[in-house]
Amino acid sequence: ETCEDKLVLATNKLDKAATAADDSDRMRKVLESRAHGDEERMKKLEDELKGVRAQAENADKKYDEVQKRLQQVEGELERAEERADVGEIKIVELEEELRVVANNLKSLEVSEEKANQRESSYKKQIKTLSSKLKQAEGRAEFAEISVKKLQHEVDRLEDELLNEQEKMKAITEELEQTFAEMSGY
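Given the structure is predicted, the values throughout are model-derived calculations rather than measurements.

1. Considerations on the overall build of the chain
1) Next: Scanning the chain for helices and strands turns up 2 helices and 0 strands.
2) Next: Whereas a compact globule of 185 residues would reach a radius of gyration of roughly 16 Å, the chain reaches 46 Å, over 25% beyond that.
3) Next: Viewed in the frame of its principal axes, the chain has a C-alpha envelope of about 170 × 15 × 15 Å.
4) Next: In the chain, which comprises 185 residues, the proportion classed as buried is 14%.
5) Next: Sequence-distant contacts, at least 24 apart, represent 82% of the contacts inside the chain between residues at least 6 apart.
6) Next: By element, 53% of the accessible surface of the chain is carried by carbon and sulfur atoms, the whole surface being about 15400 Å².

2. Details of a nonpolar patch on the surface
1) Next: A contiguous nonpolar patch, built from I171, L175, F179 and M182 and spanning about 450 Å² of accessible area, is present on the exposed surface.
2) Next: Counting through the fold element by element, I171 comes out in helix α2 (residues 74–184).
3) Next: By relative accessible area, which is 48% here, I171 ends up partly exposed.

3. Considerations on the layout of surface pockets
1) Next: Roughly 200 Å³ of volume is contained in the largest pocket.
2) Next: For the largest pocket, the full set of lining residues is K6, L7, L9, A10, K13, L129, K132, L133, A136 and R139.
3) Next: Elements that contribute at least two residues to the lining of the largest pocket include exactly α1 (2–68) and α2.

4. Considering empty space enclosed by the protein
1) Next: All chains considered together, the criterion is met by 1 cavity of 30 Å³ or more.
2) Next: Empty space within the largest cavity amounts to approximately 30 Å³.
3) Next: By residue class, the composition of the lining of the largest cavity is 4 nonpolar, no polar and 2 charged.

5. Remarks on the side chain of D38
1) Next: Summarising the element assignment, D38 is placed in helix α1.
2) Next: Of the side chains bearing the opposite charge, R41 lies closest to the buried D38, which forms no salt bridge; the N-O distance is 5.4 Å.
3) Next: Every residue in contact with D38, bar those within four places of it in the chain, is listed here: V101, N104 and L108.

6. Observations concerning a negative patch on the surface
1) Next: A grouping of E57, D60, D64, E78, E81, E82, D85 and E88 is seen on the molecular surface, where their side chains present a negatively charged patch.
2) Next: Of all the secondary-structure elements, those providing two or more residues to the negative patch are α1 and α2.
3) Next: Considering each element in turn, the negative patch owes the most residues, 5 residues, to α2.
4) Next: Looking at the element boundaries, E78 is found in helix α2.

7. Brief notes about the pattern of salt bridges
1) Next: Scanning the entire structure with this criterion turns up 10 salt bridges.
2) Next: Measuring nitrogen to oxygen at the nearest pair gives 3.6 Å for the salt bridge that ties D25 to K29. Of this pair, D25 and K29 both sit in helix α1, 4 residues apart, roughly one helical turn.
3) Next: A relative accessible area of 25% means that D25 is categorised as partly exposed.

8. Notes on the nonpolar core
1) Next: In this structure, L45, L49, V52, I91 and L94 together form the largest nonpolar core, which totals 5 residues.
2) Next: Elements supplying a minimum of two residues to this core: α1 and α2.

9. Notes on the environment of D85
1) Next: Looking at the element boundaries, D85 is found in helix α2.
2) Next: For D85, a relative accessible area of 45% puts it in the partly exposed group.
3) Next: Sequence spacing of D85 and A59 is 26 residues, and the spatial spacing of their C-alpha atoms is 9.8 Å.

Parameters at a glance
- The residue numbering used here restarts from 1 in each chain and proceeds along that chain's sequence as written.
- Given that the model is predicted, a residue must reach a pLDDT of at least 70 before its local features are reported, and side-chain atom pairs must reach 80 or more before they are shown or counted; all residues, however, enter totals for whole chains, interfaces and linings.
- Only heavy atoms go into the side-chain values, all of them from the structure, while hydrogens and water stay out.
- Strands are runs of DSSP state E lasting at least 2 residues, helices are runs of H or I lasting at least 4, and numbering of each runs from the N terminus.
- A radius of gyration in this sense is built from C-alpha atoms; the matching globule rule multiplies 2.2 Å by the number of residues raised to 0.38.
- Summary of the burial criterion: residues with accessible area below 20% of their type's maximum are buried, those above 50% are exposed, and those between are partly exposed, where the area comes from a 1.4 Å probe applied to protein chains only.
- Throughout, a residue-residue contact means that at least one pair of heavy atoms, one from each residue, lies within 4.5 Å.
- Accessible surface area values rest on a Shrake-Rupley calculation with a 1.4 Å probe, where residue burial reflects the displayed protein chains alone.
- Here the term patch refers to residues with relative accessible area over 30% and no salt bridge, with like charges joined within 9 Å and nonpolar side chains (Val, Leu, Ile, Met, Phe, Trp, Tyr) within 5 Å.
- The rule for a salt bridge is simple: a side-chain nitrogen of Lys or Arg has to be within 4 Å of a carboxyl oxygen of Asp or Glu.
- Using a 1 Å grid laid over the protein atoms alone, points where a 1.4 Å probe fits but cannot get out form a cavity; open sets with protein on both sides within 12 Å along at least 5 of 7 lines form a pocket; any residue with an atom within 4 Å of a point counts as lining.
- Grid points are joined across faces, edges and corners, and a volume is the space filled by probe spheres set on the points.
- Each residue gets one label: Ala, Val, Leu, Ile, Met, Phe, Trp, Tyr, Cys and Pro are nonpolar, Asp, Glu, Lys and Arg are charged, and the others, such as Gly, are polar.
- For the purpose of counting charges, residues Lys and Arg are taken to be positive, whereas Asp and Glu are taken to be negative. His and the chain ends are not included.
- To locate a charge, the coordinates of NZ of Lys, CZ of Arg, CG of Asp or CD of Glu are taken.
- For the purposes of this section, nonpolar cores are sets of buried Ala, Val, Leu, Ile, Met, Phe, Trp, Tyr and Cys residues that join through side-chain atoms within 4.5 Å.

Any functional reading would require information beyond the geometric quantities listed.
Printed below as a string of structure tokens:
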């Protein structure tokens, strides 16, 4: 019974470990998906950043042209400066967003590494439990064979004891009869 209990317990633990490994694999896939999404978003942000930088360069060129014609186009100069300010604000915002994305990516990498470590640990535990289970099954099988052998030996000895008791009874009866005959004379 204890071997069966241990087998059931080991099987339950094995099932739990397998479930945990599946959960870890699903989490890894989710993290990879998120990381892929973050990479696409970073690429989009980099493209937007290039566009904004191009706008800022155009504004600087216009600023140089406007400076040459300062007296004629003073109003255009103010608009170009406003566009440059907006571009710089967008650059700062995009750089901040880029830093946030980079931090998220680092966090995902750490989480993935921890998940991989847990998965490795679970695999080792499963291997150890499987080995212990095989050993326990071998010991149980050996014990069953030994019990059968001992039971056969017990049966044989009981039969032998009964035979000896019957012989003893017959000898005792013969002795009593002999004593009775001797006392009768």
